Amino acid sequence: MPTRKMVMLYTELKEKESEIKELTKLGVVSSKWLSYIQIYEDFHKNPEIKKIERYNELCTKYGFKDVSNIRKIIRKLKQYR
């Protein structure tokens with residue numbers, strides 16, 4: 001179950017997205033952060049679609065070879081949401 005602090009941190013990250021992008025360009029921050037957040041948000045855009053279909057769609061969209069990688073990202077970020 002996410003704590004209030006985790007939710008606040010996630011919200012702060014989203015608010016500072018442009019700054020994170022600049023830091024990514026400078027090589028200070030991993031570009032995975034932003035792509036993982038985008039994957040998580042894309043996954044939750046269409047809750048009426050079955051989970052496996054959303055996993056498959058994101059796997060294709062982001063070029064992953066296996067849906068298990070998408071599942072890991074979703075699970076990991078779900079902890080912080």
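Residues numbered from 1 in each chain as written. Predicted model: local features only at pLDDT ≥ 70, side-chain atom pairs only at ≥ 80, totals over all residues. Heavy atoms only, no water.

A word on the pattern of salt bridges. Counted under the stated rule, the structure contains three salt bridges. The partner of Glu22 in a salt bridge is Lys25, and the shortest N-O contact between them spans 3.6 Å. Taken together, the residues span about one helical turn, with Glu22 and Lys25 both in helix H2 (residues 17-26) at a distance of three residues. The class of Lys25 is exposed, set by a relative accessible area of 66%. Between Asp42 and Lys45 there is a salt bridge, with the nearest N and O atoms lying 3.1 Å from each other. One connected set of salt bridges, linked through shared partners, spans Asp42, Lys45 and Lys61. (Salt bridge = Lys/Arg side-chain N within 4 Å of Asp/Glu carboxyl O. Helix = DSSP H or I, 4+ residues; strand = E, 2+ residues; numbered from the N terminus. Buried < 20%, exposed > 50% of the residue type's maximum accessible area, 1.4 Å probe, protein only.)

Take empty space enclosed by the protein next. Going through the model one piece at a time under the given rule, you end up with one cavity of 30 Å³ or more. In this structure, the largest cavity spans a volume of roughly 40 Å³. Along the walls of the largest cavity sit Asp42, Phe43, Asn46, Arg54, Glu57 and Leu58, which together make up its complete lining. Residue assignment for the lining of the largest cavity shows that the elements contributing at least two residues are helix H3 (32-43) and helix H4 (51-62). Considering every element that reaches the lining of the largest cavity, the biggest residue donor is H4, with three residues. Along the lines of polarity and charge, the residues of the lining of the largest cavity split into two nonpolar, one polar and three charged. (1 Å grid on protein atoms, 1.4 Å probe; cavity = no way out; pocket = protein on both sides within 12 Å on 5 of 7 lines; lining within 4 Å. Points joined across faces, edges and corners; volume = space filled by probe spheres on them. Nonpolar A, V, L, I, M, F, W, Y, C, P; charged D, E, K, R; others polar.)

This next bit is on the packing of H3 against H4. The N-to-C vectors of H3 and H4 enclose an angle of 145 degrees; their axes lie 10 Å apart at closest approach. Crossing geometry of H3 relative to H4 is assigned as right-handed. The residues of H4 that touch H3, namely those facing Gln38, Ile39, Asp42 and Phe43, are Lys51, Arg54, Tyr55, Leu58, Lys61 and Tyr62. (Axes fitted to C-alpha atoms, helices over the stretch in contact; angles between N-to-C directions. Left-handed = near helix turned anticlockwise from the far one by under 90°. Contact = heavy atoms within 4.5 Å.)

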